[in-house]
Amino acid sequence: MTDGETAGDDLRLTGLTRRFGPVTAVDDVTLTVPAGSFFALLGASGCGKTTTLRMVAGLDRPDAGRVLLGDRDLTRLPPHRRPVNTVFQSYALFPHLDVFENVAFGLRRCGVPDVAGRVRRMLALVRLAGYDRRRPGQLSGGEQQRVALARALVNQPRVLLLDEPLGALDLRLRRQMQTELKRVQDEVGVTFLHVTHDQEEAMTLADTVAVLNAGRVEQLGPPADLYELPATAFVATFLGRCNLLPAEAAGPTGGEVPVRAYGSRFRVPAARARSDRGAVHLGVRPEKLHLTGTVEQVPSGHHSVAGTVTDVSYLGVGTEYLLRTGWGTELSAFAPNSGVTADRWPIGATVQAYWWPDHAFLLPRSTGPASVEPASLDPDEVPA
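Residues numbered from 1 in each chain as written. Predicted model: local features only at pLDDT ≥ 70, side-chain atom pairs only at ≥ 80, totals over all residues. Heavy atoms only, no water.

The name given to the protein in an unreviewed UniProt entry is ABC transporter ATP-binding protein, and the organism recorded there is Micromonospora zhanjiangensis.

Shown next as structure tokens:
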């Protein structure tokens, strides 16, 4: 640890920008990774998340902006002088060295005393005690990933960078390693900066998620906040399935925002409206939609839309239904597995999809030739 740097220092990216010719891969990214947190950069391929990670690691140099750890500016430092280590998707283990020597490699290069003690303590932490003399080729994918994690942590970095570290594992191993990663991070208290395109992985592991889109931070916050109240249509649809109805909002009235979509009137709490006037999207998550047979069976105070079941997907934990509405829009509804087969709806059934208004949200919507423009709503027309 150097002067101006402590274990409790936040990692700060300020105005970080990286261009490749005419393409801006990372566009003025500013964010703070709290010390000791598990922070995820989430986005699709090409969004700039890996380029951001490489600039933190020193493997790529920004065209503008700075990388700071506490008051220490890391921006121009070479990788070996930064208090960070990286775990890659490919593991990057030395095949000719056994597990012990793979983990010890960095310690030996730095002349650290008590190599054996530190290596064995780290192997115990990742639950590989007794694997010292095995070669990487004798290990499973999950075990190799644990060796890579031990090798990255044994040098006691201030920040551990994880670049799609679980991408090469099958589903069972990936979920097992998610649990292991979180356990290890909790035990060592090191700041983890995790890059992934897997929404479930980011939401399972991270304290804070930054959703990147086209090189910019679209939204940042705790996973539950991003899921329950997204800031944009991109975030809403990237973090799982979401029904978005083009609508018109008339402005807040008495703590609610009345909206009209396809001739029907709805209302949304003003606190759940990212935009409350003009062209908006009315959003409802599939698990917040419930199905019943007739409009008379819709509970009081709920909104509902009629539809016909066009597809049924049994997922074990529940069933996903696709519904075709009278105006042609398709809605997704998810019903948890209650164990009662009579509760399942067949293809072709006519149903009412209903939701509690407090479970909906409003997002800004761009208008254009392809947009569906519902009729405007008089501010006094507040639905019952």
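### Quick look at the layout of surface pockets
Rules: In this analysis a 1.4 Å probe is tested at points of a 1 Å grid over the protein atoms alone, and where it fits but cannot get out there is a cavity; an open set with protein on both sides within 12 Å along at least five of seven lines is a pocket; lining residues have an atom within 4 Å of a point. Grid points are joined across faces, edges and corners, and a volume is the space filled by probe spheres set on the points. Strands here mean DSSP runs of E at least two residues long; helices mean DSSP runs of H or I at least four residues long; both are numbered from the N terminus.
Reported here for the largest pocket is a volume of approximately 1000 Å³. Lining the largest pocket are 32 residues, with P79, H80, V84, N85 and N155 positioned closest to its centre. For the lining of the largest pocket, the element with the highest residue contribution is helix 2 (residues 99–110), accounting for five residues.

### Topic: the side chain of S275
Quick reminder of the rule: Burial here depends on accessible area, computed with a 1.4 Å probe over protein chains only, as a share of the maximum for the residue type. Under 20% is buried, over 50% is exposed, and the range in between is partly exposed. Note on contacts: a residue pair qualifies if any of its non-hydrogen atoms lie within 4.5 Å across the two residues.
Summarising the element assignment, S275 is placed in the loop between strand 13 (264–269) and strand 14 (277–284). Classification of S275 by relative accessible area gives buried; the value is 16%. With residues near it in sequence (within four places) discarded, S275 still touches V280, L362, L363 and P364.

### Here's the deal with the pattern of salt bridges
Let me state the cut-off plainly: Every case where a carboxyl oxygen of Asp or Glu lies within 4 Å of a side-chain nitrogen of Lys or Arg is listed as a salt bridge.
Scanning all chains against the criterion turns up 19 salt bridges. Residue K288 is joined to E228 by a salt bridge in which the shortest nitrogen-to-oxygen separation is 2.9 Å. Note that K288 is positioned in the loop between strand 14 and strand 15 (290–292) and E228 in helix 7 (residues 223–228), a separation of 60 residues in sequence. On the accessibility criterion, K288 (14% relative accessible area) is buried. For E228, a relative accessible area of 32% translates into the label partly exposed. Here R324 and E330 are joined by a salt bridge, their closest N and O atoms 3.8 Å apart. Each member of the salt-bridge network shares a partner with another, and the members are R127, E180, R183 and E187.

### Description of the packing of aromatic side chains
Quick note on the threshold: Only rings of Phe, Tyr and Trp enter the pairing, Trp through its six-membered ring, and a pair is recorded when the two centres are within 6.5 Å. The plane angle decides the type: under 30 degrees is stacked, over 60 is edge-to-face, the rest tilted. Sitting over a ring, as applied to charges here, requires NZ of Lys or CZ of Arg to be within 6 Å of the ring centre and within 35 degrees of the ring normal.
If you walk through the whole model with that rule in mind, you get five aromatic pairs. Pairing F234 with F238 gives two aromatic rings, centres 5.4 Å apart and planes at 10 degrees, and the pair type is stacked. Linking F234 with F238, this pair stays in helix 8 (residues 233–238), spanning four residues, or about one helical turn. What makes F234 partly exposed here is its relative accessible area of 24%. Measuring from ring centre to ring centre gives 4.5 Å for Y262 and W327, while their planes differ by 5 degrees; the resulting arrangement is stacked. Residue Y262 is located in the loop between strand 12 (256–261) and strand 13, and its partner W327 is located in the loop between strand 17 (318–325) and strand 18 (330–336); the two are separated by 65 residues in the primary sequence. The exposure class of Y262 is partly exposed, given its relative accessible area of 23%. It is R134 that lies over the ring of Y131; its NZ or CZ is 4.2 Å from the centre. Taking the ring centre of Y227 as reference, the NZ or CZ of R285 above it sits at 4.0 Å.

### Overview of helix 3 (residues 115–125)
Those residues of helix 3 that fall on the buried side of the exposure criterion are V115, G117, R118, V119, M122, L123 and L125. Looking at the buried residues of helix 3, the elements they touch are helix 2, helix 4 (141–153) and helix 5 (171–188). R127, located one to two residues past helix 3, shows a positive phi value of around 60 degrees.

### Considering the sheet that holds strand 14
As a reminder, the rule being used: A pair of strands is treated as paired once DSSP finds two or more bridges between them. Note on definitions: angles span 0 to 180 degrees between N-to-C directions of axes, and those axes are lines fitted to C-alpha atoms, for helices only across the stretch in contact.
Taken together, the five strands give an open sheet; going across it, the order is 13-12-11-14-20, and neighbouring strands pair in antiparallel fashion. The strands lining the two open edges of the sheet, one partner per strand, are strand 13 and strand 20 (361–364). Averaged over neighbouring strand pairs, the angle between their axes works out to 45 degrees when direction is ignored. Relative to strand 14, strand 11 (residues 243–250) runs antiparallel, the two being bridged by eight bridges. Looking at strand 14, one finds that A250 is bridged to R277.

### A closer look at the sheet that holds strand 5 (residues 72–73)
Paired through their backbone hydrogen bonds, the strands of a sheet run either parallel or antiparallel. Taking strand neighbours across the sheet as the criterion, the four strands line up as 2-1-4-5 in an open arrangement whose pairing is antiparallel. Two strands bound the open sheet, and with one partner strand each, they are strand 2 (23–33) and strand 5. One ladder, built from seven bridges, connects strand 1 (residues 11–20) with strand 2; its direction is antiparallel. When the sheet's bridge partners are listed, R12 is paired in strand 2 with T32. Against the sheet, helix 1 (residues 49–57) contacts strand 1, strand 2 and strand 4 (64–69), and its axis sits at roughly 115 degrees relative to strand 1.

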